Amino acid sequence: MGEMITLTAADGHEFAAYRAAPNDEPKGSVVIVQEIFGVNSHIKDVCDGYAKAGYIAIAPALFDRISPDIELDYTPSDVEQGLQYKNQIADEAALKDIDAAAKEADASGNVAVIGYCWGGSLAYLSACRLSSIEKAVGYYGGQVAQNIAETPKAPVMLHFGDKDASIPMSAVEEVKAARSDIPVFVYAAGHGFNCDQRGSYDAEAAKLARERTLEFIS
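Along each chain, residue indices are assigned from 1 in the same order as the chain's sequence is written. Given that this is a predicted model, residues contribute local features only at a pLDDT of at least 70 and side-chain atom pairs are listed and counted only at 80 or more, while totals for whole chains, interfaces and linings are drawn from all residues. Hydrogens are left out, water is left out, and the side-chain values use all remaining heavy atoms of the structure.

K.L.:
Just checking my understanding: could you explain the nonpolar core for this structure?
P.N.:
Val30, Ile32, Tyr50, Ile98, Ile114, Tyr139 and Ile217 are the most contacted members of the largest nonpolar core, which totals 82 residues. Under the scheme used here, helices are H or I runs from DSSP no shorter than 4 residues and strands are E runs no shorter than 2 residues, and both carry numbers assigned from the N terminus. Ranked by residue count, the leading element in this core is helix α3 (residues 91-105), at eight residues. Two residues qualify as a contact provided that any one of their heavy atoms is within 4.5 Å of a heavy atom in the partner residue. When neighbours within four sequence positions are excluded, Tyr139 is seen to be in contact with Tyr50, Ile114, Gly115, Tyr116, Cys117, Gly120, His159, Phe193, Asn194, Ala209, Arg210 and Thr213. Buried Ala, Val, Leu, Ile, Met, Phe, Trp, Tyr and Cys residues form a nonpolar core when they are joined through side-chain atoms within 4.5 Å. Three exposure classes are used, based on accessible area relative to the maximum for each residue type with a 1.4 Å probe and protein chains only: buried under 20%, partly exposed in between, and exposed over 50%.

K.L.:
Whenever I open this one, the packing of aromatic side chains confuses me. Can you help?
P.N.:
Each aromatic ring pair is characterised by the separation of its centres together with the angle its planes make. Stacked, tilted and edge-to-face are the three classes applied to pairs of Phe, Tyr and Trp rings, where Trp contributes its six-membered ring and a pair requires centres within 6.5 Å; stacked means planes under 30 degrees apart, edge-to-face means over 60, and tilted covers the rest. Within the structure shown, the criterion is met by eight aromatic pairs. Ring centres of Tyr116 and Tyr139 lie 4.5 Å apart, and the angle between their planes is 35 degrees; on these two criteria the pair is classed as tilted. One end of the pair, Tyr116, is in strand β5 (residues 111-116); the other, Tyr139, is in strand β6 (residues 135-139), and 23 residues separate them in sequence. Using a relative accessible area of 1% as the deciding quantity, one classes Tyr116 as buried. Judged by relative accessible area, Tyr139 falls into the buried class, the value being 0%.

K.L.:
Looking at this model, I keep getting lost on the environment of Glu150. Mind explaining?
P.N.:
Within the secondary structure, Glu150 is located in the loop between β6 and β7 (156-161). The sequence separation of Glu150 and Glu204 amounts to 54 residues, and the corresponding C-alpha distance is 32 Å. Aside from chain neighbours lying at most four places away, what touches Glu150 is Tyr124, Leu125, Cys128, Arg129 and Arg179.

Below you can see the structure in the form of structure tokens.
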């Protein structure tokens, strides 16, 4: 249901983004922030799902700062490659692209950032550093705890899995202790539980997290 568009960040960087829109008047807008696998078929599916729920959804291709058209799978080699790409992009550069996507979506109503994995961390930073968004939702963001001293300027919701090998529960407890104002939900699931293309997919956790997210951004 979506299409690729071209956006320009504040520093002049041009990049691709996937945009999906509802058939009827939109309720608002969401910026969907990718994992370390690019704007691949899963992220496009997520956008399509939010469009069906009534939102304009835009997913900026953050890896375009390295090379266009990077779409990875979930194999071990792709995980390694995705981490290498992610480590080449500074948070501030990624936030410029998220900001451009949010401003593109702004005419469509309230803008929420929803991010997964790397994008979950960037969603938290978006709430702290960007004035273009009104809410943020982070799924299993591995760097949230290390950035928890930054104060969000917009309401935030966070989702984690208690079987996540890359995010220890001690980090989740640190987030809870530091930010009692942020709803933090923990599911009996692992990292990437929202992605139905991964072995760690958990349909029950994904459904409940999405319901909570939709209620939060409405």
